[in-house]
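Below are the chains, spelled out letter by letter.
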Protein chains: 2
Amino acid sequence: MMEQKQIVLEHGGGGRLSHELVESVFVPAFKNATLERLEDGAVFTVEGLRLCLTTDSFVVHPLFFPGGDIGSLAVHGTVNDLAMCGATPLYLTAGFILEEGFSLETLREITRSMADAAVKAGVQIVTGDTKVVARGAADGVFINTSGLGVVRYGREISVQSIRPGDAVILNGPIGDHGAAVLCARENLGFDSGILSDSQPLNGIVREILQVSPEIHCLRDATRGGLGAILAEISAQSQLDIAVDEAAIPVNEAVKGICEILGLDPLFLANEGKFALFCPQSEVRAVLDVMSRHPYGRQAAVIGTVKEKGAGRLVMKTLIGGTRIVDLPTGELVPRIC
Amino acid sequence: MMEQKQIVLEHGGGGRLSHELVESVFVPAFKNATLERLEDGAVFTVEGLRLCLTTDSFVVHPLFFPGGDIGSLAVHGTVNDLAMCGATPLYLTAGFILEEGFSLETLREITRSMADAAVKAGVQIVTGDTKVVARGAADGVFINTSGLGVVRYGREISVQSIRPGDAVILNGPIGDHGAAVLCARENLGFDSGILSDSQPLNGIVREILQVSPEIHCLRDATRGGLGAILAEISAQSQLDIAVDEAAIPVNEAVKGICEILGLDPLFLANEGKFALFCPQSEVRAVLDVMSRHPYGRQAAVIGTVKEKGAGRLVMKTLIGGTRIVDLPTGELVPRIC
């Protein structure tokens, strides 16, 4: 563990080193029960009111990509983290770190995009901060958004609520965001047509929670992709998760780019996809709601939590074999969000 | 206004260009009543509970300076912004942007400092995020802290609550943080002995609010110093504020450094000093509490809000003259916090 003495890109990739950094540096330093749950946000009670607080910094490169930009991404990312905790997102903060020389017109464009995304997600950006560093001390603009939501759902949505036998449901095709940013960055010489799936998930989650009385866990498949979050959840829950690769939707264009670049869509970042864990008895109700929602039309059951196991993600592959999927190592795509 | 087409260092300095950036970019984009108040944090009500949300990014250079470091500063800064809104700080988030190659041991040291500062301020760091960018795309580490507090004080603490005749009270000598960071950075060739005043103000504010029934406004004198915040408050309130320069405490060592470097302590950053506005009838009670508190031993009345005026800060100078103090222009000390 943590043989490195210096930060490497992989520490930010959402895979094994990200996990080790949190476990070996942040958790021991800040130790408290809320942080140690390592969910997408912190849920606590203030004078009887259940609230959720989250934070996320955005360093995506390039700043604009097909289907989105750093501004809308910064709003969606934090709205989605709140939604994954079962919270109704209410208020966001916006902290900008700007590099000297950054274009004011581009900054205006980014803030307009944030504002539009906030309106669509039904949240308000109520306070902010701006720092400026000299040329070369940052790369254009970095944005932190933190978010506050109120948790009205009565059950505890958490890895700890997952039970053997639970179904694993995914709301749509994976890899679009990672592939879109990669294509924008690599200047591949052709238009892939792939758009980022960056979108706010609070609406679809609210509808699911209203209809279905028993949801166990929600997790959005951002950095490290669906593979990383399912591997992490299986490790945290100490339960084996069996996933059927053939059941995971992937858009044809994403498959094509992955073949060209030698990447696995399972580990590509998403910004509008999430895994949902619930009892089998709830599957029909959940799928009904999801499939009627614009962000869940291709929703599918992709796996099950096994009765026994030691916390492994077991994938039945397309060609019929079985493989253990571990947290990814190596930085797949730096600065994807 | 905003003739620049690019971000310059002064946009982050807390002076005129910072103000213009907020007014011309962020307020029009995110328009909502809470943001437009432009206080240190956003105060709103969720299901009957008054809450305060704040955010601040920290890019201080160097990371360690006499009297503090970026970690403790990041905790104090956000705790203090909450305190200035009359809120009891409860929970903090921590967002790290790390440069590839940054020392893990230094990161551990910074997180330990954050943890210590959080314990002393009585807050918990409950959730976080880490991003890593390639070498050269950031400078070591930037930290965002956002904070949530509960507002139990019944009155509205705001620039809008300031009334003609109010006393202006300061809790102690100004310029220590700015001078300490400058000395650490400039390698002046001698030990100035100046320590940053970086400290949590929630304790002293809580004691004041408990004792005094009528406090109108609180503002910590961070970037741009006491001069900038008083000039800003006079402009926002459209009331003249008369300040007596001789009444403002400045440590001898800070005076000395300012003379050597040609700086005015009035515009040097502080991280543990604040101005308090209250009716004259409350002055004795406020000073009693402040002067017994370790962070207010040199508290003093430094000015008054005039009956009439158009929003100017009018300073009676040490040599007996009078000058109008405007928002500072030009970047005094980049990356001071």
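Before reading on, note that the structure itself is shown above.
Residues numbered from 1 in each chain as written. Chains lettered and ligands numbered in written order. Predicted model: local features only at pLDDT ≥ 70, side-chain atom pairs only at ≥ 80, totals over all residues. Heavy atoms only, no water.

Participant: Which residues make up the pattern of salt bridges, and what are the values?
Facilitator: Residue and element names in this part refer to chain B. Following the criterion strictly, the structure yields 30 salt bridges over all chains and no others. In this structure, the salt-bridge partner of Asp-326 is Arg-16, at a minimum N-O distance of 2.7 Å. Note that Asp-326 is positioned in the segment after β14 (322-325) and Arg-16 in helix α1 (residues 16-30), a separation of 310 residues in sequence. Given the relative accessible area of 47%, Asp-326 is considered partly exposed. Residues Glu-156 and Arg-37 are paired through a salt bridge, measuring 2.4 Å at the closest nitrogen-oxygen approach. Linking Glu-156 in the loop between β7 (141-151) and β8 (167-170) with Arg-37 in the loop between α2 (33-36) and β1 (42-46), this pair joins segments that are 119 residues apart in sequence. Exposure remark for Glu-156: the relative accessible area of 39% places this residue in the partly exposed category. (Salt bridge = Lys/Arg side-chain N within 4 Å of Asp/Glu carboxyl O. Helix = DSSP H or I, 4+ residues; strand = E, 2+ residues; numbered from the N terminus. Buried < 20%, exposed > 50% of the residue type's maximum accessible area, 1.4 Å probe, protein only.)

Participant: So what's going on with the packing of helix α3 (residues 70-84) of chain B against helix α4 (residues 104-121) of chain B? Which residues, and what values?
Facilitator: All names here are of chain B. Between α3 and α4, the least distance of the axes is 7 Å, while the angle of their chain directions is 35 degrees. Crossing hand, α3 versus α4: right-handed. Along the contact surface, α3 presents Ile-70, Gly-71, Ser-72, Ala-74, Val-75, His-76 and Val-79, while α4 presents Ile-110, Ser-113, Met-114, Ala-117, Ala-118 and Ala-121. Counted by class, the contact of α3 with α4 contains 9 nonpolar, 4 polar and no charged residues. (Axes fitted to C-alpha atoms, helices over the stretch in contact; angles between N-to-C directions. Left-handed = near helix turned anticlockwise from the far one by under 90°. Contact = heavy atoms within 4.5 Å. Nonpolar A, V, L, I, M, F, W, Y, C, P; charged D, E, K, R; others polar.)

Participant: Would you mind going over the packing of aromatic side chains in detail, with residue names and values included?
Facilitator: Throughout the structure, instances matching the rule amount to 7 aromatic pairs over all chains. Ring centres 3.8 Å apart and planes at 25 degrees place the aromatic pair Tyr91(A) and Phe44(B) in the stacked group. You can see Tyr91(A) sitting in strand β5 (residues 87-99) and its partner Phe44(B) sitting in strand β1, one on each of two chains. Here a set of aromatic residues connected by ring pairs shows up, and it is made of Phe26(A), Phe30(A) and Phe96(B). The ring of Phe58(A) is capped by Lys131(B), whose NZ or CZ atom sits 5.5 Å from the centre of that ring. (Phe/Tyr/Trp six-rings, centres within 6.5 Å; stacked < 30°, edge-to-face > 60°. Lys NZ or Arg CZ within 6 Å of the ring centre and 35° of its normal.)

Participant: Can you break down unusual backbone geometry residue by residue, with the values?
Facilitator: Note the cis peptide between His61(A) and Pro62(A), where omega equals 0 degrees. Residue position: Pro62(A) is located in the loop between β2 (49-58) and β3 (64-65). For Arg335(B), which is not glycine, the phi dihedral falls at a positive 50 degrees. With respect to the element layout, Arg335(B) can be found in the segment after β14.

Participant: Summarise the relation of the copies chain B and chain A; cite the residues concerned and give the values.
Facilitator: Expressed as a screw operation, the relation of chain B to chain A combines 0.0 Å of axial shift with a rotation of 180 degrees, fitting to an RMSD of 0.0 Å. Taken together, these values place the two copies in the relation of a two-fold axis. Judged by C-alpha distance, Ala138(B) is the residue of chain B that lies nearest the rotation axis, at 2.0 Å. (Least-squares fit on C-alpha atoms with pLDDT ≥ 70 in both.)

Participant: Any chance you could break down the nonpolar core for me, citing the residues and the numbers?
Facilitator: Ranked by size, the top nonpolar core spans 78 residues in total, and within it Phe96(B), Leu107(B), Leu226(B) and Phe277(B) carry the most contacts. For this core, the leading source of residues is α4(B), giving 8 residues. Counting 77 residues, the second-largest nonpolar core is a separate cluster that includes Val75(A), Val123(A), Ala180(A) and Leu226(A). (Core = buried A, V, L, I, M, F, W, Y, C linked by side-chain atoms within 4.5 Å.)

Participant: So what's going on with the sheet that holds β14(B)? Residues and values would help.
Facilitator: Residues and elements named next belong to chain B. What the 7 strands build is an open sheet, ordered β9-β11-β8-β12-β10-β13-β14; its pairing is mixed. Each having just a single partner strand, β9 (217-220) and β14 make up the two edges of the open sheet. With strand direction ignored, the average angle separating the axes of adjacent strands in the sheet is 25 degrees. Bridge analysis of β8 against strand β11 (residues 274-278) gives 4 bridges, and the strand direction is antiparallel. Paired with Leu-170 across the two strands is Ala-275, which belongs to β11. (Pairing = 2+ DSSP bridges.)

Participant: Quick one: what's the story with the sheet that holds strand β9 (residues 217-220) of chain A, residue by residue and with numbers?
Facilitator: Residues and elements named next belong to chain A. Pairing within the open sheet is mixed, and its 7 strands lie in the order β9-β11-β8-β12-β10-β13-β14. With one partner strand each, in any of the chains shown, β9 and β14 (322-325) form the two edges of the open sheet. With direction set aside, neighbouring strand axes in the sheet form an average angle of 25 degrees. Note that strand β10 (residues 241-244) and strand β13 (residues 313-316) share 4 bridges and pair parallel. Bridging from a neighbouring strand, Val-243 pairs with Met-315 of β13.

Participant: Can you tell me about the pairing of β13(A), naming the residues and giving the values?
Facilitator: All names here are of chain A. The pairing of β13 with β14 spans 4 bridges and is classified as antiparallel. Of the residues in β14, the one forming a bridge with Met-315 is Arg-323. Hairpin connection from β13 to β14: 5 residues lie between these consecutive antiparallel strands, with Gly-320 at a positive phi of about 100 degrees.

Participant: Quick one: what's the story with the interface of chain B and chain A, residue by residue and with numbers?
Facilitator: Across the contact, 77 residues belong to chain B and 77 residues belong to chain A. Where chain B abuts chain A, roughly 6,500 Å² becomes buried across the two surfaces, and 68% of that area is made up of carbon and sulfur atoms. Counting the contacts that link chain B with chain A gives 6 salt bridges. For the salt bridge of Asp56(A) with Lys131(B), the shortest nitrogen-to-oxygen distance reads 2.9 Å. Taken together, the connections running from chain B to chain A amount to 25 residue pairs in polar contact (both at pLDDT 80 or more). Elements that contribute at least two residues to the side of chain B that touches chain A include exactly α1, α2, β1, β2 (49-58), β5 (87-99), α4, β6 (124-133) and β7 of chain B. Here the element with the most residues in the side of chain B that touches chain A is β6(B); it accounts for 10 residues. Within the side of chain B that touches chain A, the residues separate by chemical class into 39 nonpolar, 23 polar and 15 charged. (Buried area = accessible area lost by both parts, 1.4 Å probe. Polar contact = N/O pair within 3.5 Å; in protein donor to acceptor, adjacent residues only side chain to side chain.)

Participant: Account for the side chain of Asp220(A), naming residues and giving values.
Facilitator: Residues and elements named next belong to chain A. Tracing the sequence through the fold places Asp-220 in strand β9. We note that Asp-220 is buried and unpaired, the nearest opposite charge coming from Arg-219 at a distance of 6.1 Å. Excluding its chain neighbours within four sequence positions, the residues that come into contact with Asp-220 are Asp-40, Asn-80, Asp-81, Met-84, Leu-201, Ile-229, Lys-273 and Phe-274. (Lys, Arg positive; Asp, Glu negative; His and termini not counted.)

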